[in-house]
Amino acid sequence: MSFLRRALAIAAKDLRSEIRSKESINASVAFALVILFLFSLAFDPTSDEVREIAGGLLWLVFAFAGTLILNRSFARELVNDCLDALLASPVSGAQLYLGKVIANFVILMVVEALSMPVFSIFYNVHWKDAQTIWIFVGVMLLGTWGLTVIGTLFSAMTVNLRLRELMLPMLVYPMMIPALMGAITLSALLVAGEPLGADNQIWFRLLVAFDVIFTLLSLAFVETVLVG
Amino acid sequence: MDRNFEYMFYGFTAAWLIVIIYVIWIALRERRLRDELDRVKRMLEDQEREAKK
Amino acid sequence: MRTKLIILLSVLAGGLLAWNLHTIFLKVPDEASQGAVFRVFYFHFPAAVTSFSCFFVAMFSGLVYLRTRNLRYDAAAAAINEVAFTFALITLITGMIWGRIIWGIWWAWDPRITSYFICLLMYFGYFMMRRAIDEPHRRARLSAVLSVLASVDIVIVWKSIEWFRTQHPGPVLEIRGGGGMAPGMEAPLFWNVLAFLMLETALILVRMRQQSIQSEIESLRRYAHAF
């Protein structure tokens, strides 16, 4: 039980720091809105074809904006040797990692929640009914967890590298592809108002499997990555 | 159908070319590494000779 | 001793490949619908199979490093991954050329070729990361973890793209050249797999020797600069 408590303590520290400075959230939301706008230049938002892919575009926006948050996640600990202090503390690497994953998850969910109204307006989304919205929130939760789990691990891996800001996106995007695919397929259907058939259940299962597998793998390896 | 000989030729050429380029790259790297090893060994010998004086 | 092994393997591989080429070009008949181009498959399939399995072997080598902290396993992992990367590139390019004939287009978003492309991207990141780290043990540690993640992910990516593409069918046909091949056509395939394995082992041994030279240089430099 103390595992979770310590992880939550780390998460609370990160969230408190973020609420006070708002650096990641501001940058991320601004970036998301700019990209949403840029996509609307490339694809005519009102046409029917775009309605089909709008859900997919949304997840690209989340992935790009999320990288900003993930990059900051461990990088902010480099100042004043905070990372060394954290690693030397009784908090284990896995607890530190889980805490940061939870914090990044919350921040990214906030960014997504702020982007959704803008997205709905820009792309003329008609939400079919309340159930569709709830399922969409579910997909957002699953997909965002997948992104943050992988992204935070790679943030830990690249924290001391040269060219950190370049290496993180380059390493992380191929890894995220299964989660992105699941989220994109489901979102595209939900946003377009089409029914989720039985053969789309597999994407839910993929998202859950991805989340479980990579959470376990990351927790197993994060100690190696951080400490040695 | 001309039995698609042209593309078969492209295919085999591409495969062999990649292997050959890779082997050449390895060979060049080997030469560069050996030169550097000799250079570092010589530098070390010079240093020890200087230290003995 | 090791040099002799490398030379032996290379000669055997070369001989086998040459003999196979003779068989492929002269003895095996043309396939019904594709004409002669399907013979590219005799390189495409062995390259695909060997490179794919090499990535997993490298993953295990990385795991052994994490257990033993012996840098030789990291050198082996890096060498195996590099050779596997080259042969994955061969797989991709021969697949594209073959696809040009079968599907009429260079790229068809077929599950296998797409997952291979993503695999190449992941391992390109692996090599970039290795170049960015100077300290050998740290490089080995992070490489091993990345190797595990990439190998696990490539399986998941493959499955997910397969499901994705069954829902969004494109001009895709299964490259199931294996099913329904006439008996005389299969043998060169397996001989080629063997030949590729030998060739790859020879290349890996050469690369590993280069890694040890590299680490010798680094340690000599450290010794030299210590004064």
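Coordinates for the structure precede this section.
Residues numbered from 1 in each chain as written. Chains lettered and ligands numbered in written order. Predicted model: local features only at pLDDT ≥ 70, side-chain atom pairs only at ≥ 80, totals over all residues.

S.K.: Quick rundown of the overall build of chain B? Include the residues and the values.
M.R.: Secondary structure summary: chain B contains 1 helix and 0 strands in total. For 53 residues, the compact-globule formula gives about 10 Å, and the C-alpha radius of gyration of chain B, at 23 Å, lies well above that figure. C-alpha atoms of chain B, sized along the principal axes, occupy 80 × 5 × 5 Å. Residues counted as buried form 9% of the 53 residues belonging to chain B. (Helix = DSSP H or I, 4+ residues; strand = E, 2+ residues; numbered from the N terminus. Rg over C-alpha atoms; globule rule 2.2 N^0.38 Å. Buried ≥ 20, exposed ≤ 12 C-beta atoms within 10 Å, placed from the backbone.)

S.K.: So, the interface of chain A and chain C: which residues are in play, and what are the values?
M.R.: Counting residues at the interface gives 22 residues for chain A and 21 residues for chain C. Mapped by element, the contributors of at least two residues to the side of chain A that touches chain C are α7 (164-191) and α8 (201-226) of chain A. A per-element tally of the side of chain A that touches chain C places α7 of chain A first, with 10 residues. Split by residue class, the side of chain A that touches chain C holds 17 nonpolar, 4 polar and 1 charged. (Contact = placed C-beta atoms within 7 Å. Nonpolar A, V, L, I, M, F, W, Y, C, P; charged D, E, K, R; others polar.)

S.K.: Which residues make up α8 of chain A, and what are the values?
M.R.: All names here are of chain A. Here α8 spans 37 Å end to end across 26 residues, near enough to the 38 Å set by a 1.5 Å rise per residue. In α8, a bend of some 35° at A220 exceeds every other bend along the element. Within α8 the residues assigned to the buried category are W203, L206, L207, F210, D211, F214, S218, F221, V222, V225 and L226. Once α8 ends, the next one or two residues include G228, with phi positive near 130°. (Expected span 1.5 Å × (residues − 1). Bend = angle between axes of the 7 residues up to and from the residue.)

S.K.: Kindly report on helix α2 (residues 23-42) of chain A, identifying the contributing residues and their values.
M.R.: Residue and element names in this part refer to chain A. Look at α2: 29 Å from first C-alpha to last across 20 residues, which is about the 28 Å you get at 1.5 Å a residue. Looking only at α2, the buried set comprises S24, S28, V29, A32, L36 and F39. All buried residues of α2 project into a common sector of 120° when viewed along the axis, lining one side. Set apart from the buried face of α2 by more than 90 degrees, the exposed residues are N26, F37, L38 and L41. Considering only its buried residues, α2 is in contact with α1 (2-21), α3 (48-75) and α5 (93-122). (Arc of directions from axis to C-beta.)

S.K.: Quick one: what's the story with the interface of chain C and chain B, residue by residue and with numbers?
M.R.: Many descriptions give the size of an interface as the accessible area lost when the pieces come together. Facing 29 residues of chain C, the contacting portion of chain B comprises 24 residues. Secondary structure elements with two or more residues in the side of chain C that touches chain B: α3 (71-102) and α6 (183-225) of chain C. With 11 residues, α6 of chain C is the largest single contributor of residues to the side of chain C that touches chain B. Its residues assigned to classes, the side of chain C that touches chain B shows 17 nonpolar, 6 polar and 6 charged.

S.K.: Got a sec to walk through the nonpolar core? Specific residues and values, please.
M.R.: Counting 136 residues, the largest nonpolar core has I150, M176 and L180 of chain A together with I80 and A84 of chain C as the members making the most contacts within it. Of all the elements, α3 of chain C adds the most residues to this core, at 18 residues. Residues in contact with L180 of chain A, not counting those within four places in the same chain, are W59 and A63 of chain A. (Core = buried A, V, L, I, M, F, W, Y, C linked by C-beta atoms within 7 Å.)

S.K.: Any chance you could break down the environment of Y10 of chain B for me, citing the residues and the numbers?
M.R.: Counting through the fold element by element, Y10 of chain B comes out in helix α1 (residues 5-52). In this structure, the C-alpha to C-alpha distance between Y10 of chain B and A51 of chain B, residues 41 residues apart in sequence, is 61 Å.

S.K.: So, the packing of α1 of chain B against α3 of chain C: which residues are in play, and what are the values?
M.R.: When two helices pack together, their arrangement is given by the angle between the helix axes and the distance between those axes. Taken N-terminus to C-terminus, the directions of α1 of chain B and α3 of chain C make an angle of 170°; their axes are 9 Å apart at the nearest point. Between α1 of chain B and α3 of chain C, the interaxial angle falls into the category roughly antiparallel. Judged by the twist between their axes, the crossing of α1 of chain B over α3 of chain C is right-handed. Of the residues in α3 of chain C, those touching α1 of chain B at Y7, Y10, G11, A14, A15, I18 and Y22 of chain B are T86, L89, I90, I93, T94, I97, W98, R100 and I101 of chain C. Tallied by class, residues from the contact of α1 of chain B with α3 of chain C come to 12 nonpolar, 3 polar and 1 charged. (Axes fitted to C-alpha atoms, helices over the stretch in contact; angles between N-to-C directions. Parallel < 35°, antiparallel > 145°, perpendicular 65-115°, else oblique. Left-handed = near helix turned anticlockwise from the far one by under 90°.)

S.K.: Mind laying out unusual backbone geometry, listing which residues take part and the relevant values?
M.R.: All names here are of chain A. Even without being a glycine, N124 presents a positive backbone phi close to 55°. By secondary structure assignment, the location of N124 is in the loop between α5 and α6 (130-158). N124 sits in the exposed class, given 12 other C-beta atoms within 10 Å. Phi at L163 takes a positive value of approximately 55°, unusual for a residue other than glycine. Examined against the element boundaries, L163 turns out to sit in the loop between α6 and α7. When the 13 C-beta atoms within 10 Å are taken as the criterion, L163 is described as partly exposed.

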